[in-house]
Amino acid sequence: CVNARALTRPRQRNHTRAHISRVRCAAPENTGGGTKQDDVDDDVFRALDAVLGSAAATVTSDEDADVPTPLVMAANVEPKPSQYAKDRPDPLDGFEVADDWFGLGPKWDVPHGALKTFLTMISIDATFYVAGFLAPIAVYSTLRDPSEVPTEAEALTKDLQNVFDDPTSFSDIFLTAEVMQIVLGAIVLGISLAPHAPLPKGWFNDVFSSDAPEHNATGKSTSRARRMAITKAQDERRERSTNEAGVAILGTLVSVSIITALLYLAGLRGGEEQTGAASVDIIEKAFAAGPHGVANLLLTTVILAPMFEEIIFRGYLLPSLTKYMPPSFAVALSAVIFALIHQHGIGDTVQLLAVGVACGVVYSRTRNLGASMLVHAAFNGTVIALFALWTA
């Protein structure tokens, strides 16, 4: 049975009206003539038909026909809790926007455990040593003909040291080591996260994320109203990423200046007795190599290092820690690890702690790695600029 009028209406007449037509067609025929009840039913169907037809008539183009009406939208229900990732709790549980004083946002949805986080960070730390071992050899091999390489171990060690002490060669080693660290670190991180791909929403600026419910636990036990409030607060901070980064840069420079002054007063900076590497020694050596050394230094410390280190410490470590602690604690702990892993002297370590906290805060607030990279790069660039002004 076909409703003749349905064929003449525009196709914007939604599925609800089509269903009514089918109901009418499915009704058994009354061969003995219509009853009063049949007349009432016909009147009801005609009224509904008129209303739906009038609503459809307001749509005048095929493009508008694809816009869902409220009746169609009602069918687009949210995923059921059982459709979300079953092996993880909802990170929004217990989080309230009103109680988030620092605006760090909720925890991340972390698909891996503590052991994998620990092993991943240990492996990435190991790549620093591997790159530090291989980079001098790689640069040395470009400077010496095979026939010129000493055959005795002691002579070879001395020749390698001479290359390392040369400012130009050192700047090349510095850049080569950073590139090797990035490659090796990316391989480790990729191997670690591959079993969980695609990642839940919120990781690495959602480059490798999926919003499919089976890959996410966020929101599975949280009301729609709370989710919308949390998302709105995060989106507003993300839109202000540049401003957030600017405030963090200013706060970092002020805090580092105060920390440096206190360290000098305490005798923990500037003395020959301090242990560990000093960033000023690396900068001084790079400047001694001339424009080539300065270019390598800027490329390494202002571009490559901020990108790689923010991906590792803020993009991976900080979110992973929120599985076991609040975001504020995760920011602090990741900053401590970030400062200690550089193995600088006491003065530089305290300064790096302040930088790590600033980068962690701005990333947690905006969920934008670009903002924390900007803070990191600005700090490194400022240190180099101050050195250039001081030695000019």
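Residues numbered from 1 in each chain as written. Predicted model: local features only at pLDDT ≥ 70, side-chain atom pairs only at ≥ 80, totals over all residues. Heavy atoms only, no water.

Engineer: Sorry if this is basic, but what is going on with the overall build of the protein chain here?
Structural biologist: Within the protein chain, the secondary structure is distributed over 15 helices and 0 strands. The buried share of the protein chain, taken over its 392 residues, is 38%. Counted over contacts in the protein chain with a minimum sequence separation of 6, partners at least 24 positions apart contribute 75%. Surface summary for the protein chain: the accessible area is close to 21900 Å², and the carbon and sulfur share equals 65%. (Helix = DSSP H or I, 4+ residues; strand = E, 2+ residues; numbered from the N terminus. Buried < 20%, exposed > 50% of the residue type's maximum accessible area, 1.4 Å probe, protein only. Contact = heavy atoms within 4.5 Å. Areas by Shrake-Rupley, 256 points an atom, 1.4 Å probe, with all protein chains shown as cover.)

Engineer: Can you walk me through the environment of Ile282 in this structure?
Structural biologist: Structurally, Ile282 is set in helix α11 (residues 279-288). Once you skip the residues sitting within four places of it in the chain, Ile282 turns out to touch Phe170, Phe174 and Leu297.

Engineer: Any chance you could explain the pattern of salt bridges here in plain terms?
Structural biologist: Two side chains of opposite charge can pair, provided their charged atoms sit close to one another. Under the counting rule described, the total for this entry stands at 7 salt bridges. In this structure, Lys201 engages Asp206 in a salt bridge whose closest nitrogen and oxygen atoms are separated by 3.5 Å. The exposure class of Asp206 is partly exposed, given its relative accessible area of 27%. (Salt bridge = Lys/Arg side-chain N within 4 Å of Asp/Glu carboxyl O.)

Engineer: Looking at this model, I keep getting lost on the environment of Arg367. Mind explaining?
Structural biologist: Within the fold, Arg367 resides in the loop between α14 (346-366) and α15 (369-391). By relative accessible area, which is 8% here, Arg367 ends up buried. In this structure, the C-alpha to C-alpha distance between Arg367 and Gly202, residues 165 residues apart in sequence, is 7.1 Å. Apart from the residues lying within four places of it in its own chain, the contact partners of Arg367 are Leu104, Gly105, Pro106, Trp108, Asn205, Gln234, Arg238 and Val362.

Engineer: Can you help me understand the side chain of Arg367 in this one?
Structural biologist: Asp100 provides the closest opposite charge to the buried, unpaired Arg367, separated from it by 6.8 Å. A polar side-chain atom of Arg367 sits 2.8 Å from the main-chain carbonyl oxygen of Leu104. (Lys, Arg positive; Asp, Glu negative; His and termini not counted. Polar contact = N/O pair within 3.5 Å; in protein donor to acceptor, adjacent residues only side chain to side chain.)

Engineer: What should I look at first to understand a nonpolar patch on the surface in this one?
Structural biologist: On the surface, a nonpolar cluster with roughly 420 Å² of combined accessible area is contributed by Leu333, Val336, Leu340, Leu353, Val357 and Val361. Structurally, the position occupied by Val357 is in helix α14. Residue classification places Val357 among the partly exposed residues on the basis of a relative accessible area of 33%. (Patch = residues over 30% accessible without salt bridge, like charges linked within 9 Å, V, L, I, M, F, W, Y side chains within 5 Å.)

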